[in-house]
Amino acid sequence: MIQDSEFFRMEGVPITKEEIRAVSIGKLNLDPEDVVLDIGCGSGGMSVEISKRSKFVYSIDNSEDAKNTTLNNLKKFNVENCTVSLGNAEDLISKFDFNKVFIGGTQNIEQILEILKEKNIERIVVNTIVLENSVKIINKFEELGYNVDFVNVSVSYGKKINSGHIMLSKNPITIITATLK
Ligand SMILES: C[S@@+](CC[C@H](N)C(=O)[O-])C[C@H]1O[C@@H](n2cnc3c(N)ncnc32)[C@H](O)[C@@H]1O
């Protein structure tokens, strides 16, 4: 994984942290021939990591700052197999052909999952921090007939203080993986 500090960042544009990227990449079970849609690409943290392990990535974000941040990071890490589109994922998904999806942005998530089901996508991995979203997403996947696996990942970062070393925890992230039965 690339260290978080190596990414170009813009104020207000989130990034999926290194350890969460590692687990999410594992859950995507990437193959070099995979074509992946990254919904809500933010700073491009996942887009860059996925592009290094797959054939092509289509990234979407509805924030212009996020689009520009991702483009900067694609350039910084010499990624040539990824394009970035500005807009709402629910309006753009139909333009692309892909076989796996990573979702880091969850606005209109139920509508997005319904559109993806129509495309028979084999594997979808979603990250969410909001508890209500976790329940909503798991229920929607089950309603649509997917196998669902969900894990909660809590990362604590080590820090040196005067009297020794401590661990500082970050908010847990729920990682939901849906596969077709
Ligand atoms: C947590 S950030 C993703 C971070 C990213 N995975 C990374 O590694 O840098 C979520 C992003 O999703 C975008 N977003 C949320 N819902 C969206 C939607 N329906 N369509 C497009 N973008 C969306 C937000 O603008 C935000 O930039």
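By convention here, each chain's residues receive numbers from 1 onward along its written sequence. Since the coordinates come from a predicted model, pLDDT governs what is reported: local features require at least 70, and pairs of side-chain atoms require 80 or more to be given and counted, while whole-chain, interface and lining totals use all residues. As a convention, hydrogens and water are excluded, and side-chain values are obtained from all of the structure's heavy atoms.

Enquirer: Which residues make up the UniProt feature "binding site: S-adenosyl-L-methionine" in the protein chain, and what values go with them?
Expert: UniProt positions are given in the numbering used here, feature names are shortened, and annotations may be inferred rather than shown by experiment. The UniProt feature table records "binding site: S-adenosyl-L-methionine" at Thr16, Gly40, Cys41, Gly42, Ser43, Gly44, Asp61 and Ala89. With respect to the helices and strands, the residue aspartate 61 is situated in strand E2 (residues 56-61). Taking relative accessible area as the criterion, aspartate 61 reaches 9% and is therefore assigned buried. Setting aside residues up to four positions removed in sequence, aspartate 61 forms contacts with Gly40, Cys41, Gly42, Ala66, Ser85, Leu86 and Gly87. In the analysis that follows, any N or O atom pair within 3.5 Å is treated as a polar contact, provided that within protein one partner can donate a hydrogen and the other can accept it, and provided that, for residues neighboring in sequence, both atoms belong to side chains. Here cysteine 41 takes part through its backbone nitrogen, which lies 3.2 Å from a polar atom of the side chain of aspartate 61. The class for alanine 89 is buried, based on a relative accessible area of 7%. Contacts: residue pairs with any heavy atoms within 4.5 Å of one another. When residues no more than four places from it in sequence are discounted, the contact partners of alanine 89 are Ile39, Ile60 and Ile112. Helix and strand assignments follow DSSP, with helices taken as H or I runs no shorter than four residues and strands as E runs no shorter than two, numbered in order from the N terminus. For the exposure calls, accessible area comes from a 1.4 Å probe over protein chains only, and a residue counts as buried if that area is under 20% of its type's maximum, exposed if over 50%, partly exposed in between.

Enquirer: Just give me the short version of the nonpolar core, but keep the residues and values in it.
Expert: Core analysis: the largest hydrophobic core is formed by 25 residues, its most contacted members being Phe98, Val101, Ile103, Leu116, Ile124 and Phe141. For this core, the secondary-structure elements that each account for two or more residues are strand E1 (35-39), helix H4 (89-92), strand E4 (100-103), helix H5 (109-118), strand E5 (123-128), helix H6 (131-143) and strand E9 (173-180). Top contributing element to this core by residue count: H5, with four residues. Contacts of isoleucine 103, omitting those with residues within four sequence positions, involve Ile39, Ile109, Ile112, Leu113, Leu116, Ile124, Val125, Val126 and Asn127. Among buried residues, those of type Ala, Val, Leu, Ile, Met, Phe, Trp, Tyr and Cys that are joined through side-chain atoms within 4.5 Å constitute a nonpolar core. Core analysis: the next-biggest nonpolar cluster, separate from the first, contains 23 residues, Ile2, Met46, Val125 and Ile173 among them.

Enquirer: Outline the environment of glutamine 111, supporting the account with residue identities and numerical values.
Expert: When you line up the elements, glutamine 111 lands in helix H5. Judged by its relative accessible area of 39%, glutamine 111 is partly exposed. Counting along the chain gives 21 residues from glutamine 111 to glutamate 90, while the straight-line C-alpha distance between them is 6.8 Å.

Enquirer: Summarise the pairing of E9; cite the residues concerned and give the values.
Expert: Consecutive residues of a regular strand have side chains that alternate between opposite faces of the sheet. For E9, the tally of buried residues reaches seven of eight residues, placing the bulk of the element in the interior. For two strands to be treated as a pair, DSSP must find at least two bridges joining them. Here six bridges tie E5 to E9, and the two strands are oriented antiparallel to one another. When the bridges of E9 are listed, valine 126 appears paired with isoleucine 176. When strand E6 (residues 146-153) meets E9, the two strands line up antiparallel, connected through eight bridges. Paired with valine 148 across the bridge in E9 is alanine 178.

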